[in-house]
Amino acid sequence: MGQPSFAASNAIIYLTYGAFLVLGTGIAWTLRGQSKAEFLSSNGTQSAFPLALNFVASALGSGILFAYPELATLAGVQGVVVYALASALPLLVFGALGPVIRRKCPEGFVLTEWTRQRYGTVTMLYLSFMTLVTLFLYMVAELSALGQVVGALTGLDRLPVIIIECAVTTIYTSLGGFKISFLTDVVQGGMVVGLIAIATITIGVKTEIKPELIDSSGLTKPSLLGWHLVYILPVAILTNDFFLSNFWLRTFSSRSDRDLWIGVSTAMVTVLCILTLVGSTGLIAAWSGAWPGDPAQEGSLAFFLLLEQLPSWVVGIVLVMVVSLSTAAFDSLQSAMVSSASNDLFRNRLSIWFIRGMVVLVIIPVVVLALKAESILQIYLISDLLSAATIPVLCLGLVDRLYWWRGFEVVVGGLGGIVTVFIFGTIYYGNADDGSKLLLIQNGLYADDWSVFGAFVAAPVGGIVWGFGALALRLTFQFIKAKVRHERFDALDRPVAVRSAFGDSDVPQAVVATSKAGKFF
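- Named according to an unreviewed UniProt entry, the protein chain is Urea transporter originating from Tolypocladium paradoxum.
- Of the comments in the UniProt record for the protein chain, the one headed Sequence similarities (unreviewed entry) reads "Belongs to the sodium:solute symporter (SSF) (TC 2.A.21) family."

## Overview of the pattern of salt bridges
At step 1: Inspection of every chain in the model, using the stated rule, returns 9 salt bridges.
At step 2: Residue Asp185 pairs with Arg250 through a salt bridge whose shortest N-O separation is 3.0 Å. With Asp185 in helix α8 (residues 158-206) and Arg250 in helix α11 (residues 245-252), this pair connects stretches of sequence that are 65 residues apart.
At step 3: Classification of Asp185 by relative accessible area gives buried; the value is 0%.
At step 4: The exposure class of Arg250 is buried, given its relative accessible area of 0%.
At step 5: When salt bridges with common partners are traced through the structure, they connect Arg102, Arg103 and Asp257 into a single cluster.

## Observations regarding the packing of aromatic side chains
At step 1: On inspection of all chains with the given rule, the structure shows 18 aromatic pairs.
At step 2: Judged by centre distance (6.3 Å) and plane angle (70°), the ring pair of Trp404 and Trp405 falls under edge-to-face. Trp405 carries the same exposure label as Trp404, and that label is buried.
At step 3: Within the aromatic cluster, the residues linked to one another by ring pairs are Phe55, Phe94, Phe242, Phe247 and Trp248.

## Describing unusual backbone geometry
Trans is the common state for peptide bonds, and a negative phi is the common state for residues other than glycine.
At step 1: Here the residue pair Trp291 and Pro292 is connected by a cis peptide bond, since its omega of 10° sits within 30 degrees of zero.
At step 2: Looking at the secondary structure, you find Pro292 in the loop between α12 (257-288) and α13 (302-307).
At step 3: In this structure, Ile441 is a non-glycine residue whose phi angle is positive, near 50°.
At step 4: The topology assignment puts Ile441 in the loop between α18 (432-439) and α19 (451-485).
At step 5: Judged by its relative accessible area of 2%, Ile441 falls in the buried class.
At step 6: Here His486, not a glycine, exhibits a phi torsion of approximately 60°, which is positive.
At step 7: Its place among the elements puts His486 in the segment after α19.
At step 8: Overall, His486 belongs to the exposed group, its relative accessible area being 75%.

## Considering the packing of α8 against helix α15 (residues 352-372)
At step 1: Running from amino to carboxyl end, α8 crosses α15 at an angle of 160°, the nearest separation of the two axes being 11 Å. The angle between α8 and α15 falls in the class roughly antiparallel. Both α8 and α15 take part in a crossing whose hand is right-handed. Two secondary-structure elements touch here, α8 through Arg158, Leu159, Ile162, Cys166, Thr170, Ser174 and Leu175 and α15 through Arg356, Val360, Ile363, Val367, Ala370 and Leu371.
At step 2: Considered class by class, the residues forming the contact of α8 with α15 number 9 nonpolar, 2 polar and 2 charged.

What counts, and at which threshold
Residues numbered from 1 in each chain as written. Predicted model: local features only at pLDDT ≥ 70, side-chain atom pairs only at ≥ 80, totals over all residues. Heavy atoms only, no water. UniProt positions renumbered as here; feature names shortened; annotations may be inferred. Salt bridge = Lys/Arg side-chain N within 4 Å of Asp/Glu carboxyl O. Helix = DSSP H or I, 4+ residues; strand = E, 2+ residues; numbered from the N terminus. Buried < 20%, exposed > 50% of the residue type's maximum accessible area, 1.4 Å probe, protein only. Phe/Tyr/Trp six-rings, centres within 6.5 Å; stacked < 30°, edge-to-face > 60°. Axes fitted to C-alpha atoms, helices over the stretch in contact; angles between N-to-C directions. Parallel < 35°, antiparallel > 145°, perpendicular 65-115°, else oblique. Left-handed = near helix turned anticlockwise from the far one by under 90°. Contact = heavy atoms within 4.5 Å. Nonpolar A, V, L, I, M, F, W, Y, C, P; charged D, E, K, R; others polar.

Structure follows, in structure tokens:
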């Protein structure tokens, strides 16, 4: 290879950051004077093409250069296809559910606002906590991945790179809010698509595949792990996307349902192609002899071992791509955290500068943890398990016929799903210590047993079972309470639609809860 020199590596990285800082602050200057509402969201303003680039930029991050090639070295072609499909197809859910939720909650811009309206404040705070924790974990994972990529490609100290990224994104997102994140993502998303196309062509031209290694690698054959992932990855990624406010902000910002559908469909196809190409570098590394190397290296380094066979200018292109990917992902997470915290915790009453300051303070532990985090995938999996337990019971409220479903069931079901994972792990391993470790997926996604598969079955199924158990408990309590007080039992009464204050149309029935027990209980 051609590893860029120390001076060249620094120039590429910091000039790219400088360009994004100038771009971001320049756009922010044109947005000066915007209202708090405009700072936090851009409801109903964006057309299909910018939406598509935004979903692409938000769906990717520098961590894809580790995770997808690693899976290719473990589960082969089957793993690449499953992982790419499982990551890309969930974007269509925002096209399907986005219009439904916008009609039910036209003034909202994040999922937690619909949750507050449907289930009440307690459930909203529960979901908000999960959302903010997920955003925090994703920020840690993104900075950790950035540092590891920079170290692998250049040998530079990762701390200055991480700090500069945090400073650059904080400056321009603090000045422009969500809209600046949206506009910079349009540029960054377009850059990433172009740079990946260049890198793909270069790898295809410069890399020599050895046919004898294809059969001996066994990577063209299906595996038990590959079949496990057919279930695990769609459940994990689909449910976890619901926790990511950066996706919901972009969903609500679409100008129309048609723009939203075109945007997410285009983004889905683009992300699918990108992730398939990135994952295939693991296969190419194995079939070209670059991986496992001598001494043998982990599969997460397959992409970088492949780059060692290529000219230094290719590494330079990849560096620009990595900085663009990471900056786009990180500024989206930052703006999402600001919007979520302001809306959920303070009902948009607190000065936006206090919220900005809180996010800056949050970045400090994010940086500290990012420097210590080793397994990026494990960070994602912890969040995935939480979402797999919570989202199924939450989404039952989207069905108008289930008007009797309350926040009590959602919270108990979500927490019960996690308890079910612990119970499953304890039974499976035969001891509580290993059962608790399964909650953190300490053995990783690629365990050679059924533990992880079982955990991702236990979380949603257990959540639903606990939810219906909570429903039975609540109805029993309310029935006894009504009998004791000689009142009519009305817990199963259908909510009454009311006239909107802004027109003649009715507010959807699921919005208005008339039960004396309230939306939570």
